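Here's the letter readout for the chains.
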Amino acid sequence: MISFLAICLPIFAVIGVGWLAAWRGMIQPAMVDAIGSFSFLFALPALLLRLMAAQPLGRSFEPGFFLGYLGACLGIFALVMAASLPFRRRAQAAAIGAAAAMGNVGYLGPPLLLPLLGEQGAGPIAMSIMSEVAVVLALGSVLMTPGAGFRTMGRVLGILARNPVLLSIGGGALLGAAGLPLPAPIERFLGFLGGAAGPTALFALGGTLARLRIDRRLLAAASGAVAAKLVFYPLLVWLVLGQLLGLAPVWVQSGVLLAAMPTATNAFVMAQRYQAAADEVSAVVLFSTLIAALAFPATAWLMAPPVPLP
């Protein structure tokens, strides 16, 4: 357990540094946004493109993992939304459901999972991003839009088609499938640029969390979604991948760890944009991140050290 804490807590500490810098006024909101944009538009795509291109597609993509993880993700989304519907409008219930199903797999996945799994963790990270960002973000956006129709769906799909992270995953997968190695200068460039993804993303995450203002009354409202995100989601992934599909241990371990990530700030941005339970979702983001600082190392310890892919 101490070794997992030693790996994970310094990473969460970078979030704390970003939070402290923003809370103390050392950096302005525009600076936080610029750092986050750099990570999202340049550093993270470079990291994922290099890692995906370096592996054969059969090693980085496991259909059973993708379908099982996506199924568990949609299951949590649907269950939390259904549990919220008796007390909230559809848009609000969808926002809370998305908060329980959308983990910070893009920003926290690489710095937390790669030290545990090595570069073989790139495939699970990519598939979890496709599940939680491409599918849940699109579904949540449609359900939160009043009178949503084909025009709304088309707009959301257009945004996803231009998402640089998803494009880098697709490009890296194509290179891996073709067996085309990246030229050495390009590989070094992507490695150098991608090396900034973790620190900048985590720092920007901390700065974003510092903007959230949480009322104590929101703690009870957010507790159910936080429990669903950090407890029931990883448990469901373990049951689906390990017990139902019987995948190799490394796929089960990586899936559980990715499901145990705290709620993504994108869930709050989406709820705020559609004016749907933004306060409750902000509480889920903040509390799940605070709890995950200890819950994630505990989950990693419970899952035991990963083993190499067959």
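Residues numbered from 1 in each chain as written. Predicted model: local features only at pLDDT ≥ 70, side-chain atom pairs only at ≥ 80, totals over all residues. Heavy atoms only, no water.

Identification of the protein as AEC family transporter from Belnapia mucosa is taken from an unreviewed UniProt entry. Check the Subcellular location (unreviewed entry) section of the UniProt entry for the protein; it says "Cell membrane". (UniProt positions renumbered as here; feature names shortened; annotations may be inferred.)

A separate point is helix H1 (residues 2-23). Given a rise of 1.5 Å per residue, 22 residues ought to cover 32 Å, and the 30 Å separating the end C-alpha atoms of H1 matches this to within 8%. At Cys8, H1 is bent by approximately 25°, the largest bend along its length, and proline Pro10 sits one to four residues beyond. Among the residues making up H1, those that are buried are Phe4, Leu5, Cys8, Ile11, Phe12, Ile15, Gly18 and Ala21. Its buried side turned inward, H1 meets helix H6 (105-117), helix H11 (197-209) and helix H15 (278-303). In the stretch just after H1, Gly25 is the one whose phi turns positive, near 80°. (Helix = DSSP H or I, 4+ residues; strand = E, 2+ residues; numbered from the N terminus. Expected span 1.5 Å × (residues − 1). Bend = angle between axes of the 7 residues up to and from the residue. Buried < 20%, exposed > 50% of the residue type's maximum accessible area, 1.4 Å probe, protein only. Contact = heavy atoms within 4.5 Å.)

Contact pair helix H14 (residues 265-273) / H15: the axes reach a minimum separation of 9 Å and the direction vectors enclose 175°. If you check the angle between H14 and H15, you find them roughly antiparallel. When H14 is examined against H15, the residues Thr265, Ala267, Phe268, Ala271 and Gln272 are found in contact with a partner set consisting of Ala278, Val281, Ser282 and Val285. (Axes fitted to C-alpha atoms, helices over the stretch in contact; angles between N-to-C directions. Parallel < 35°, antiparallel > 145°, perpendicular 65-115°, else oblique.)

Attention now moves to the pattern of salt bridges. In the structure shown here, the tally under the stated rule is two salt bridges. With a shortest N-O distance of 2.6 Å, Asp33 and Arg211 are connected by a salt bridge. Of this pair, Asp33 sits in helix H2 (residues 29-53) while Arg211 is found in the loop between H11 and helix H12 (217-244), placing the two residues 178 residues apart along the sequence. On the accessibility criterion, Asp33 (39% relative accessible area) is partly exposed. With a relative accessible area of 37%, Arg211 lands in the partly exposed category. Among the ionic pairs, Glu187 bridges to Arg50, the shortest N-O distance being 3.2 Å. Taken as a pair, Glu187 in helix H10 (residues 184-194) and Arg50 in helix H2 lie far apart in primary sequence, 137 residues in all. (Salt bridge = Lys/Arg side-chain N within 4 Å of Asp/Glu carboxyl O.)

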